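If you want the building blocks of each chain, they are given just below.
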Amino acid sequence: MKWSQFFNTSIGKKLLVGATGLFLCSFVIVHLAGNFQLLYNDEGKAFNAYAAFMGHNSLIQFIAWGLKIVILLHAFIALQLTFSNRAARPVKYAVNPGNQTSSWFSRQMAIMGSILLVFIVIHLVNFWGKFHYTEMPTRTYEGSIEPLKDLYALSYETFKNGWLVVLYVIGMIGLSFHLIHGFKSACQTFGLNHKKYNGLLSFIGIWVFGIAIPVGFAIIPVVIYFK
Amino acid sequence: MEHYNMNLTLKVWRQKNKDDQGRFETLQAKNISSEMSFLEMFDVVNEELINEGKEPIAFDHDCREGICGMCSMHINGRAHGPWNGTTTCQLHMRAFKDGDTITVEPWRAGAFPVIKDLTVDRSAFDRIIEAGGYISVNTGNAQDANCLPVDKNKADLAFAAAACIGCGACVAACKNSSAMLFVSAKVSQLALLPQGQPERQTRALNMVAQMDKEGFGSCTNTGACEAECPKEISLTNIARLNREFIAAGFSSEK
């Protein structure tokens, strides 16, 4: 089987969705760790220095563009599979089993993923677009060499808008529900289903990626709003 | 368990042939014994329909002891009805109460077209088996069984996978109409044993390719197939199929 045929089979496509999904899982860890600097009481010194580094380091920028391609690839192949899966049952059932045979989360991957995709676009417009493509106010800190773009202030200004805070929390609920099934599902697609590791994988999928990380992200705009 | 009789309302899918649109028909099943199997209840209903000069309901059945894989009804939203690890023929009417309304539909999947009423064409499964679900056996005398050492654990896993009767409940239960549980059981039972090694790679590649060609959906690991499988085939088989397919795809020279 040629590579082109291999990655055109249903399993081949799922491998691409799984691999890109696991890469995105690793990204959310790094992104959250960086974002927590927004909650330091240092008027943004650490966060703005971090943002400047992330925005200018060529290796990071290379990965950042790769990340956007990975998100699009993940969404595109997953949606393609979703539509062909729908088409595989032209006449629907009158009665469906609901949660009797499968978890609710496992059946909402496309919906939650779509919510996330919309969220990511809004999120990029809110911060990434403004950071890279507009003249932003800068700030010079004691001991720093040059003035830094004040992404910290932009975050605080953005999250004074209650509606955006609600939108971000909804986005993170989408992330939570997506990853509760997504992480373990990707492992299964790669053939990782083993008594000795299943407990650990479930724990990581549900408690780390499904709960801890989305809650961590959601806390930031909420705390800023009430600060 | 105490015996009781019941009157039921059946909403049954009626479809003249594969080109007919099909519709639900409401029928009364009277005086049904709790000791009957679900198919025997259909026999009683059909007897009445025949006596009234009407067309009986077409449904698949053969052994009626849960091992042939012919029966195939989607009962109240569940493949093979409400009991776990049970085929429709082994489902007993004591699963229902007097006055219940039971909705009975055929397996729904593009790859399983309805032939008539509750009967579907599952020959897509046969073509998947033809694509690789076999082993090569050379002619001549059978060699001594002890020449082929088999790990007991693997023999047990292969046996558990071989319990698949190919009824198609996995496809019927899956929201994507995916046949992964069936294909994974058929690949696993041979990949785990020494006799299955010569065609190991081509088997995984060809059976998956045929599965896609038949128009089954892809697996999203919801686990509905495992929950509905009358032979309780495990999802670990799907993980094994994925491993077999990855290993074959990355290393086969063809």
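Cut-offs and rules
Residues numbered from 1 in each chain as written. Chains lettered and ligands numbered in written order. Predicted model: local features only at pLDDT ≥ 70, side-chain atom pairs only at ≥ 80, totals over all residues. Helix = DSSP H or I, 4+ residues; strand = E, 2+ residues; numbered from the N terminus. Buried ≥ 20, exposed ≤ 12 C-beta atoms within 10 Å, placed from the backbone. Contact = placed C-beta atoms within 7 Å. Core = buried A, V, L, I, M, F, W, Y, C linked by C-beta atoms within 7 Å. Domains from an automatic or database assignment. Axes fitted to C-alpha atoms, helices over the stretch in contact; angles between N-to-C directions. Left-handed = near helix turned anticlockwise from the far one by under 90°. Pairing = 2+ DSSP bridges. Nonpolar A, V, L, I, M, F, W, Y, C, P; charged D, E, K, R; others polar. Parallel < 35°, antiparallel > 145°, perpendicular 65-115°, else oblique. Expected span 1.5 Å × (residues − 1). Arc of directions from axis to C-beta.

J.: Describe the overall build of chain B, naming the residues involved and giving the relevant values.
T.: The helix and strand tally for chain B stands at eight helices and seven strands. Seen through its C-alpha atoms, chain B measures out along the principal axes to roughly 60 × 40 × 35 Å. When burial is assessed residue by residue, chain B has 48% of its 254 residues classed as buried. When contacts within chain B are restricted to residue pairs at least 6 apart in sequence, long-range pairs at least 24 apart make up 71% of them.

J.: Before we move on, could you go through the nonpolar core and cite the residues and values that matter?
T.: Core analysis: the largest hydrophobic core is formed by 57 residues, its most contacted members being Cys-170, Val-171, Ala-173, Leu-181, Val-183 and Val-208 of chain B. Of all the secondary-structure elements, those providing two or more residues to this core are helix H2 (10-35) of chain A together with helix H2 (123-132), helix H3 (152-162), helix H4 (169-173), helix H5 (180-191), helix H6 (200-213), helix H7 (224-228) and helix H8 (236-251) of chain B. Ranked by residues supplied to this core, first place goes to H5 of chain B with eight residues. Both domain 1 (5-116) and domain 2 (123-251) of chain B contribute no fewer than three residues apiece to this core. With near-sequence residues (within four places) excluded, Leu-181 of chain B lies in contact with Cys-170, Cys-225, Glu-226, Cys-229, Ile-233, Asn-237 and Ile-238 of chain B. Judged by nonpolar contacts, the second largest core, of 25 residues, contains Leu-38, Leu-116, Val-165 and Ile-213 of chain A.

J.: Provide a residue-level description of the environment of Lys-68 of chain A, including the pertinent values.
T.: All names here are of chain A. Summarising the element assignment, Lys-68 is placed in helix H4 (residues 58-87). For Lys-68, a count of 12 C-beta atoms within 10 Å gives the class exposed. A C-alpha to C-alpha distance of 9.9 Å links Lys-68 and Ile-120, two positions 52 residues apart in sequence.

J.: How would you explain the packing of helix H6 (residues 109-133) of chain A against helix H7 (residues 151-158) of chain A if you had to name every residue and give the values?
T.: Residue and element names in this part refer to chain A. Following both chains from N to C, one finds H6 and H7 inclined at 145°, their axes separated by 11 Å at the closest point. You can see that H6 and H7 cross each other, and the crossing is right-handed. Of H7, the residues touching H6 (which contributes Asn-126, Phe-127, Lys-130 and Phe-131) are Leu-151, Leu-154 and Thr-158.

J.: Tell me about the pairing of strand S5 (residues 101-105) of chain B, and name the residues and values.
T.: Examined bridge by bridge, strand S1 (residues 5-14) of chain B and S5 of chain B share four bridges and lie parallel to one another. Within S5 of chain B, the residue paired with Lys-11 of chain B across the bridge is Thr-103 of chain B.

J.: Would you mind going over the sheet that holds strand S4 (residues 78-79) of chain B in detail, with residue names and values included?
T.: Whenever strands of a sheet pair, they do so through backbone hydrogen bonds, lying parallel or antiparallel. All names here are of chain B. Reading across the sheet, the five strands line up as S2-S1-S5-S3-S4 and stay open at both edges, with mixed pairing between neighbours. Unpaired on one side and paired on the other, strand S2 (23-33) and S4 mark the two borders of the sheet. The sheet contacts of helix H1 (residues 38-51) involve S1 and S2, and relative to S2 the element is tilted by about 105°.

J.: Tell me what's going on with the interface of chain B and chain A, and back it up with residues and numbers.
T.: Taken together, the 42 residues of chain B in the interface contact 34 residues of chain A. Elements that contribute at least two residues to the side of chain B that touches chain A include exactly S5, H6, H7 and H8 of chain B. The element that contributes the greatest number of residues to the side of chain B that touches chain A is H8 of chain B, accounting for nine residues.

J.: Give me the domain arrangement of chain B: which residues, what numbers.
T.: Residue and element names in this part refer to chain B. Once the domains are mapped, chain B shows domain 1 (5-116) and domain 2 (123-251). A C-alpha centroid distance of 29 Å is found between domain 1 and domain 2. Between domain 1 and domain 2, the residue contacts involve 18 residues of the former and 16 residues of the latter. Considering only residue class, the side of domain 1 that touches domain 2 consists of seven nonpolar, nine polar and two charged.

J.: How would you summarise the packing of H5 of chain B against H8 of chain B if you had to cite specific residues and measurements?
T.: Residue and element names in this part refer to chain B. Where H5 meets H8, the axes come as close as 8 Å, and the angle between the chain directions of the two elements is 70°. Classified by the angle their axes make, H5 and H8 are roughly perpendicular. Seen from H5, the contacting residues are Met-180, Leu-181, Val-183, Ser-184, Ala-185, Val-187, Ser-188 and Ala-191; seen from H8, they are Asn-237, Ile-238, Arg-240, Leu-241 and Glu-244. Here the contact of H5 with H8 is composed, by residue class, of eight nonpolar, three polar and two charged.

J.: Describe in detail helix H3 (residues 45-56) of chain A, supporting the description with residues and values.
T.: All names here are of chain A. With 12 residues, H3 ought to run about 16 Å at 1.5 Å a step, and its terminal C-alpha atoms sit 17 Å apart, in line with that. All of the buried residues in H3 are Phe-47, Asn-48 and Ala-51. Down the axis of H3, the sector holding all buried residues measures 95°, keeping them to one side. Turned more than 90 degrees off the buried face of H3, the exposed positions are Phe-53 and His-56. In this structure, the buried side of H3 is in contact with H6, strand S1 (138-139), strand S2 (148-149) and H7.

J.: I'd like a description of the environment of Met-1 of chain B, backed by residues and values.
T.: Residue and element names in this part refer to chain B. Structurally, the position occupied by Met-1 is in the segment before S1. Residue Met-1 is classed as exposed on the basis of its 7 C-beta neighbours within 10 Å. As for Met-1 and Glu-35, which are separated by 34 residues in sequence, their C-alpha atoms are 9.5 Å apart.

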